[in-house]
Each structure stands twice: as structure tokens, then as C-alpha cells.
Amino acid sequence: KSVLSRLVAVKVAAKDRPAAKTAMTQWLARNPADLEVRHNLALFVLAEGDVAGARTQYEAILKQNANDVLAMNNLGGLVQAGDPARAASLFTKAVEVAPNSANVNDSLGWLKVQQKDAAGGLPYLQKAHNLAPQDASITYHLVVALDANGKRNDARALLKTLLASKTSFAEQQDAQRLAANWR
């Protein structure tokens, strides 16, 4: 497998992503139980924008290991927009399997907030933030949940600290708009 890893790295460095993908795909055809390579392929195809391909890999992982937390969390994120009930089920199981994972607590809590269950999402987001206080996206999600639960002063203080940190994160523009609206 180390040869495969080196081959994929060489192909990626040479900007031959199709050959890297082919190498992983061929490896999995001969070694279908290799979940590490399957995870790598899922991330690889997702980076290329192939959501369906990533979803296929995560589904295959879960068929082999129904308790694979990373696969549950990532698949939940992929299906969230089209099938929020399935995403909730995947995230809930991931939290049961890995209750001290900041990422899965964030995923479940944020989904609940987005589905207008801010009270249900808040404990998960507080736990996620306690587990990973340096994660700016988790902090932003907690800010939104606090505000939605009528705790604007706490939310405002946390958001001020987050924005002052100058940390870059996916929802940064949303956070800046929220701060501007609160002025």
C-alpha cells in the first residue's frame, strides 16, 4: 500500500489526477476491503467536485463498517441538502459512536439549528466548541445557535472574539454580516 501512496502522490504532483484516481480505483478493485484507500478516494473525488463518486465510496465504507464515524459524518454532509432526515440519522449515530468528536457534534448541532431546532442543536454545538475551541466554523455555528436561543450577549461576545482572531473560515462573510447587523 505504501507503493500506492507514493504512486498517487507522484501522479498528483505531476498534475495527472486521472492517473492517480485510476491507481486508487484499480487498487480497490483488487482490495475492496481497504477502507483507508476508499476514504482517500472519496476525499480525492470530492475535491474534484464528484459528489456522487464520493457518496458511492462512503456508502461502500458503511457497508463494510457501519460504525465508521468519518464516513457517517462526511456522507451526512453530502446528503444533508437533499435528504436532511438521513443526514440527521447519520450524524446522530456518529455522535453515539464518537461522543467526544468535535466534528460530529458540530454536524448534528448545526443541522438541528438549520432545521429550526436551535434548542436541540445548542448542546451539541457547545460540546463541539468545548472540544475544539480553536475551530472558527464551530465557533460561528455556536454563535448562531446562542443567538437563536435568545442569548445574544453571549453570542455577540463570542463573535467579537472570533472576528478579532483574524482566523479565516468558510462562513467568515456570514459572520461579518451578522456582526454588522448587531451594531
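How each quantity is defined
- Residues numbered from 1 in each chain as written.
- Predicted model: local features only at pLDDT ≥ 70, side-chain atom pairs only at ≥ 80, totals over all residues.
- Heavy atoms only, no water.
- Helix = DSSP H or I, 4+ residues; strand = E, 2+ residues; numbered from the N terminus.
- Contact = heavy atoms within 4.5 Å.
- Areas by Shrake-Rupley, 256 points an atom, 1.4 Å probe, with all protein chains shown as cover.
- Lys, Arg positive; Asp, Glu negative; His and termini not counted.
- Charge placed at Lys NZ, Arg CZ, Asp CG, Glu CD.

Across its full length, the chain carries 11 helices and zero strands. Counting only C-alpha atoms and orienting by the principal axes, one finds that the chain spans roughly 55 × 35 × 25 Å. Across the chain, every contact between residues at least 6 apart in sequence was considered, and the portion connecting residues at least 24 apart equals 41%. Carbon together with sulfur atoms contributes 52% to the accessible area of the chain, which is approximately 9,800 Å² in total. For the chain, the separation between the mean place of its 22 positive charges and that of its 16 negative charges on side chains is 3 Å.

Let us now look at the environment of M24. Looking at where M24 falls in the secondary structure, it is placed in helix 2 (residues 17-30). Sequence separation of M24 and Q114 is 90 residues, and the distance between their C-alpha atoms is 36 Å. Setting aside residues up to four positions removed in sequence, M24 forms contacts with L4, V8, V37, N40, L41 and F44.

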